[in-house]
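# Residue-level structural notes
Chain residues, written in single-letter form:
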Amino acid sequence: MPRHFLRDDSLTHDEQREVLTLAFELKKDRLARQPFAGPRAVAVLFDKSSTRTRVSFCVGIAELGGYPLVIDAAGSQIGRGESIEDTTRVLDRQVAAIVWRTFEQSRMRTMAALAQVPVINALTDEFHPCQVLADLQTVAEEFGGVGSLLGTKLAYLGDGANNMAHSYLLGCAVAGMDVAIAAPASHLPDQQILADATALARQHGGTVTVCADPAEAVAGARVVTTDAWVSMGMEAEREERQRPFVPYRVTRALMAQAEPDAIFLHCLPAYRGQEVDSEVIDGPASRVFQEAENRLHAQKALLCWLEETS
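These notes cover the structure that comes with them. (Residues numbered from 1 in each chain as written. Predicted model: local features only at pLDDT ≥ 70, side-chain atom pairs only at ≥ 80, totals over all residues. Heavy atoms only, no water.)

What follows is about unusual backbone geometry. Looking along the chain, the bond that leaves G38 and enters P39 is cis, with omega of 0°. Of note, the bond from L268 into P269 is cis; its omega dihedral lies within 30 degrees of zero at 0°. Mapped onto the elements of the fold, P269 is located in the loop between β9 (263-266) and α11 (278-281). Phi is positive for L123, close to 145°, though the residue is something other than glycine. Here L123 is to be found in strand β4 (residues 119-123). Positioned with a positive phi, L268 is a non-glycine residue whose angle comes to about 65°. Along the chain, the position of L268 falls in the loop between β9 and α11. Residue class for L268 comes out buried when judged on its relative accessible area of 13%. (Helix = DSSP H or I, 4+ residues; strand = E, 2+ residues; numbered from the N terminus. Buried < 20%, exposed > 50% of the residue type's maximum accessible area, 1.4 Å probe, protein only.)

A few words now on the nonpolar core. F57, I120 and L149 are the most contacted members of the largest nonpolar core, which totals 61 residues. Considering each element in turn, this core owes the most residues, 9 residues, to helix α6 (residues 163-175). Every residue in contact with F57, bar those within four places of it in the chain, is listed here: V44, V99, I120, A122, C130, Q299 and L303. (Core = buried A, V, L, I, M, F, W, Y, C linked by side-chain atoms within 4.5 Å. Contact = heavy atoms within 4.5 Å.)

Further remarks concern the pattern of salt bridges. All told, the structure shown has 17 salt bridges when counted by the stated rule. As a salt-bridge pair, E307 and R40 come within 3.0 Å of each other at their nearest N and O atoms. You can see E307 sitting in helix α12 (residues 288-309) and its partner R40 sitting in the loop between α1 (13-28) and β1 (41-46), a full 267 residues away along the chain. Among the ionic pairs, D72 bridges to R54, the shortest N-O distance being 2.9 Å. Here D72, found in strand β2 (residues 67-72), pairs with R54, found in helix α2 (residues 52-63); they are 18 residues apart in sequence, far enough to count as distant. Given the relative accessible area of 33%, D72 is considered partly exposed. Among the ionic contacts, a cluster of salt bridges with common partners joins R7, D9 and D196. (Salt bridge = Lys/Arg side-chain N within 4 Å of Asp/Glu carboxyl O.)

Before going further, it helps to spend a moment on the pairing of β4. Most of β4 sits out of view: 5 of its 5 residues are buried. Here 4 bridges tie strand β3 (residues 98-101) to β4, and the two strands are oriented parallel to one another. Its bridge partner being in β4, W100 is matched across the sheet by N121. (Pairing = 2+ DSSP bridges.)

Axis separation between helix α3 (residues 84-91) and helix α4 (residues 105-114) bottoms out at 9 Å; the angle between their running directions is 45°. Judged on the interaxial angle alone, α4 and α3 are oblique. Of the two elements, α3 crosses α4, and the hand of that crossing is right-handed. Together, I84, E85, T88 and R89 of α3 and R107, T110, M111 and L114 of α4 make up the contact between the two elements. Tallied by class, residues from the contact of α3 with α4 come to 3 nonpolar, 2 polar and 3 charged. (Axes fitted to C-alpha atoms, helices over the stretch in contact; angles between N-to-C directions. Parallel < 35°, antiparallel > 145°, perpendicular 65-115°, else oblique. Left-handed = near helix turned anticlockwise from the far one by under 90°. Nonpolar A, V, L, I, M, F, W, Y, C, P; charged D, E, K, R; others polar.)

To continue, consider the sheet that holds β1. With respect to topology, 4 strands assemble into an open sheet ordered β2-β1-β3-β4, the strand pairing being parallel. On the outer flanks of this sheet lie β2 and β4, each paired with one strand and no other. Taking each pair of neighbouring strands and ignoring which way they run, the sheet shows an average axis angle of 20°. The strands touched by α4 are β1, β3 and β4; relative to β4, the strand with the most contacts, the crossing angle is about 165°.

Our focus in this paragraph is the environment of R93. Within the fold, R93 resides in the loop between α3 and β3. On the basis of relative accessible area, R93 is assigned to the exposed category, the value being 74%.

Quick look at helix α7 (residues 191-204) now. Along its 14 residues, α7 runs 20 Å from first to last C-alpha, staying within 8% of the 20 Å computed at 1.5 Å per residue. Where α7 is concerned, the buried positions are I193, L194, A197, L200, A201 and H204. Taken end-on, α7 shows its buried residues confined to a sector of 130°, consistent with a single buried face. Seen from the open side of α7, the exposed residues pointing more than 90 degrees away from its buried face are Q191, Q192, R202 and Q203. (Expected span 1.5 Å × (residues − 1). Arc of directions from axis to C-beta.)

Read these as geometric descriptors, not functional statements.
As structure tokens, this is what we get:
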């Protein structure tokens with residue numbers, strides 16, 4: 001049976017380390033592995049708009065010797081109501097893997113239950129696990145390798161109920177990190193995801209904290225991160241959604257309350273003056289473009305690992 005990557009805890013602690021170690025190798029030699037030579041096709045489906053996901057997967061698949069078969073919802077039958085089941089049965093007879101950026105996590109689970117090839121979550125409303133793999137690679141690069149993740153504290157500020165908060169909870173817990181989510185009471189993480197992350201953190205030596213105070217979250221943190229306050233599909237609620245998050249803006253003063261060597265991450269796109277000040281995201285602590293590049297290397301490593309283990 002194929003292995004899938006549907007959420008951050010689809011990988012065990014040791015498996016996550018294997019993928020990150022391979023990501024380091026592939027960053028040093030981008031053409032070191034060619035599992036899709038032929039070229040074999042990898043389907044990359046987009047139900048949502050994308051820049052970094054589209055670029056990194058398409059470039060990565062090509063560097064792995066494959067052909068990125070990009071399918072946008074507007075130009076496909078799945079965008080006109082064809083069932084996920086029928087689409088899956090068509091694709092998995094012809095492609096080596098399926099990458100999907102879509103809406104509800106249930107859609108991803110439906111595809112994975114039928115697919116005979118690996119299915120990768122390139123973003124859903126609930127999770128963004130490929131982004132967090134790249135973030136973990138970036139943190140490891142900064143602080144001494146994959147082993148340095150153990151015990152490192154990451155603080156996330158803003159919407160605690162969104163896909164980035166959920167993926168940080170799970171991905172950092174799998175890595176054995178300490179993760180703190182600072183969010184208003186109206187936007188707290190899903191309770192089941194929080195429970196899953198807490199159990200994983202306990203298993204791997206990390207901790208999980210959810211609080212309302214940004215200063216409490218960043219105390220002792222070597223990584224500070226946030227996300228846009230208005231996610232895709234919520235643009236009509238912009239003014240209403242921004243109001244609760246104003247106290248969670250990442251400012252230079254807030255960064256100063258983290259560890260002296262703390263770095264700033266953001267999955268992008270970023271809106272300067274809203275969730276983060278320009279002097280932070282464009283300042284010396286920012287690693288956002290290193291982080292964006294690492295989407296390429298982490299996803300290539302994931303594709304190779306899934307191909308080898310499926």
